[in-house]
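# Residue-level structural notes
Here is how the chains run, residue by residue.
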Amino acid sequence: MSITRYGTTGGVGTGGQSLPFARATQADGWLFVSGQTPMTDGEVVEGGIVEQTRLAFDNCLAIMHEAGYGVEDVVHVTAVLTDARYFSSFNKVFREIFGDHPPARICSVQDLVVDCKVEVDVKCYRAPTDR
């Protein structure tokens, strides 16, 4: 089994800092996407929970597509919200994204190290013979 790492060079976080981790790792049909926030070019995009949730998931989807995975391959999502009042708006966007392919999920409320409202990560699986 080999491990492929995506985005180990050139990842930029807040303030332009170089990120010390891969955007995703792939092994034996599994893809683990690192937590994504509503950032573009290392800067948090302002907006409400709906806009920030869409962008965080768009960032995940872009990494997934780069690795050859789609929403139908997502088996688990971890979501962190900074306020429990965001829960139903987050669920609305979640439903729009996953539609007929809802994955398992955990959603918690806690502070984030980045000044935003949401962070999400995804775990995907596609049997190696499907490629």
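This structure is a prediction, so every number in the text was calculated from the model and none was measured. (Residues numbered from 1 in each chain as written. Predicted model: local features only at pLDDT ≥ 70, side-chain atom pairs only at ≥ 80, totals over all residues. Heavy atoms only, no water.)

## Quick look at the packing of helix α1 (residues 49-66) against helix α2 (residues 87-98)
Taken N-terminus to C-terminus, the directions of α1 and α2 make an angle of 35 degrees; their axes are 9 Å apart at the nearest point. Helix-helix and strand crossings are classified by hand; for α1 and α2 the assignment is right-handed. Side by side, α1 and α2 meet where I49, V50, T53, R54, F57 and L61 of the first sit next to S89, F90, V93, F94, E96, I97 and F98 of the second. When its residues are assigned to classes, the contact of α1 with α2 shows 9 nonpolar, 2 polar and 2 charged. (Axes fitted to C-alpha atoms, helices over the stretch in contact; angles between N-to-C directions. Helix = DSSP H or I, 4+ residues; strand = E, 2+ residues; numbered from the N terminus. Left-handed = near helix turned anticlockwise from the far one by under 90°. Contact = heavy atoms within 4.5 Å. Nonpolar A, V, L, I, M, F, W, Y, C, P; charged D, E, K, R; others polar.)

## Regarding α2
For α2, which comprises 12 residues, the first-to-last C-alpha distance of 16 Å matches the rise-based estimate of 16 Å (1.5 Å per residue) to within 8%. All of the buried residues in α2 are F90, N91, V93, F94, I97 and F98. Projected down its long axis, α2 carries its buried residues within an arc of 165 degrees, all on one side. The outward face of α2, more than 90 degrees from its buried face, is lined by the exposed residues S88 and R95. (Expected span 1.5 Å × (residues − 1). Buried < 20%, exposed > 50% of the residue type's maximum accessible area, 1.4 Å probe, protein only. Arc of directions from axis to C-beta.)

## Digging into the sheet that holds strand β8 (residues 118-125)
What the 6 strands build is an open sheet, ordered β1-β2-β3-β8-β6-β7; its pairing is mixed. The open sheet terminates on both sides in strands that have one partner only, identified here as β1 (3-6) and β7 (104-109). Across the sheet, the axes of successive neighbouring strands diverge by a mean angle of 10 degrees, strand direction being ignored. Strand direction decides the pairing type here: strand β2 (residues 24-27) and strand β3 (residues 30-36), joined by 4 bridges, are antiparallel. Bridging from a neighbouring strand, A24 pairs with V33 of β3. Against the sheet, α1 engages β1, β2, β3, β6 (74-81) and β8, with an angle of about 30 degrees to β8. The strands that α2 touches are β6, β7 and β8; relative to β6, the one it contacts most, it runs at about 155 degrees. (Pairing = 2+ DSSP bridges.)

## Observations concerning the packing of aromatic side chains
Tallied over the entire structure, the rule returns 7 aromatic pairs. Arranged with centres 4.8 Å apart and planes meeting at 50 degrees, the rings of W30 and Y125 form a pair that is tilted. Placement of W30 in strand β3 and of Y125 in strand β8 is noted, with a sequence separation of 95 residues between them. The exposure class of Y125 is partly exposed, given its relative accessible area of 32%. Three or more aromatic residues joined by ring pairs form one cluster here, namely F57, F90, F94 and F98. The residue whose ring lies beneath R126 is Y69, and the NZ or CZ to ring-centre distance is 5.9 Å. (Phe/Tyr/Trp six-rings, centres within 6.5 Å; stacked < 30°, edge-to-face > 60°. Lys NZ or Arg CZ within 6 Å of the ring centre and 35° of its normal.)

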